[in-house]
Each structure stands twice: as C-alpha cells, then as structure tokens.
Amino acid sequence: MAEALPLDPRGYRGTYKLIGGAPALDFANLVSYRGTDRGHDWLAPDANAVTWAHAAGLAAPAGDDIAELREFREVLAQVFLDLVDRTTPSSADVSRIGELAASAWGDRKLVLEAGATAATWTATSPTLLAEVALDAASLLTDAAALTRLSACEECRWLFLDTSRNRRRQWCDPADCGNRARQRRHYERNRRSPAR
Ligand SMILES: [Zn+2]
C-alpha cells in the first residue's frame, strides 16, 4: 500500500500516489481517471508541481511553464499507454521526448571533484520538463524495463510491474483493487435470483 503524496486536491475526493516505479510514469499519472467524468488534473494548483518534483527527486519547476508540462504529460501518457496496449506510439511524440531528453544532456557538465572517486554528470540549470523527458527516454530505451510496463485495470495509471509473477493488476490494491472487488461483489449479488 503506497502513501498518498500531500498534493492539494482542490476538492477532488481522491489521492495521488507515487506508484509508477519511474518518475516519467509517475509524471504521466498526474491525472486521475484520464478522459473520464471522474478525471482530475493534479498539476492544478501550480504548487503541486513543486511538491511532486521534490517527492520524485527531480528539479523543481523553476523555469517551467505549467501549460507545457501539462501538454508533455499527455504526450508521455499516450506513448506509454500505447505501449501497454501494444500499439506503436506516434513517431512525432517519441521524437519530442528525444529532443527534450537531448536538451537535458546538453545542460549537463561532467564534473570530477577533487578527491572524488568518480565523475558525475551535473545539470547546470535543470528544468522539470527536460528531466522528466530524460527519464522517459531512458525507460523507452530499456527493453527489459518495458516488458514490465503495465497499467491499472481500473484507472489506467502506469507502472512497472516488478512483482515476481508479473500479475500486478492495480495501481494500489488498497484503492483500485478494493473498488474492483466491491464492484464484482455487487454484480454477483445483483445477478443472483431474487429471494
Ligand atoms: Zn488504479
């Protein structure tokens, strides 16, 4: 069971959790029930982006445009959901991820501090957009990780299924798993003959 991140829900009766196993997937999951009447945008208010970036261990959105983050979030969701559905993602979307990831590399400097055992790639002025894109690109180039890419059967949040038998069905068994069980129970009772 994952813990809810303290994002401002703006009256929405639900929680957001880091359940993706990769920042790029958790970023795509910043919409609950995408495309349904239960849908909710977690990038509103803007301050949620700061809380999210901090929790995900990425650069705070200093020079980021929230509208652009929101647009890119939908690109990522589309690409990864296409892969879950075994559909080839749009090459324009994949290129866009690549261009942004390349800009994240362009922003990096190789630094070897005196006395350090190894050099590190250090971002000089990271943006959240580019850092998320870099994570998405590294996932997209990792064939082994992609075999574990899956989506919740209830809400379609994305995650890497690291369970041993690869049969994880839900974002969180305590949320969507519960809801699915309750609905099945209700449907069973409704179908059973009247007394
Ligand atoms: Zn779910």
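Report follows, based on the coordinates. Computed from a predicted structure; not experimentally measured. (Residues numbered from 1 in each chain as written. Predicted model: local features only at pLDDT ≥ 70, side-chain atom pairs only at ≥ 80, totals over all residues. Heavy atoms only, no water.)

**Quick word on the pattern of salt bridges**
A full pass over the atoms with the stated rule returns 10 salt bridges. Among the salt bridges present, the one from arginine 34 reaches glutamate 74, with a minimum N-O distance of 2.6 Å. Here glutamate 74 lies in helix H3 (residues 66-84) and arginine 34 lies in the loop between strand E1 (31-32) and strand E2 (40-41), a separation of 40 residues in the sequence. Accessibility expressed as a relative area gives 25% for arginine 34, which makes it partly exposed. Glutamate 131 serves as the salt-bridge partner of arginine 108, at 2.9 Å between the closest nitrogen and oxygen. Here glutamate 131 lies in helix H5 (residues 128-140) and arginine 108 lies in strand E3 (residues 108-111), a separation of 23 residues in the sequence. (Salt bridge = Lys/Arg side-chain N within 4 Å of Asp/Glu carboxyl O. Helix = DSSP H or I, 4+ residues; strand = E, 2+ residues; numbered from the N terminus. Buried < 20%, exposed > 50% of the residue type's maximum accessible area, 1.4 Å probe, protein only.)

**Considering helix H4 (residues 91-106)**
The first and last C-alpha atoms of H4 sit 22 Å apart over 16 residues, in line with the 22 Å expected at 1.5 Å per residue. The set of residues buried in H4 consists of Asp93, Ile97, Leu100, Ala101 and Ala104. Projection of H4 onto a plane perpendicular to its axis shows the buried side chains occupying an angular sector of 100 degrees, all on one side. Those residues of H4 that are exposed and angled more than 90 degrees off the buried face are Ser91, Ala92, Glu99 and Gly106. Looking at the packing, one finds that the buried side of H4 touches H3, E3 and H5. The opening residue of H4, the one whose side-chain oxygen lies 3.2 Å from the backbone nitrogen of alanine 92, is serine 90. (Expected span 1.5 Å × (residues − 1). Arc of directions from axis to C-beta. Contact = heavy atoms within 4.5 Å. Polar contact = N/O pair within 3.5 Å; in protein donor to acceptor, adjacent residues only side chain to side chain.)

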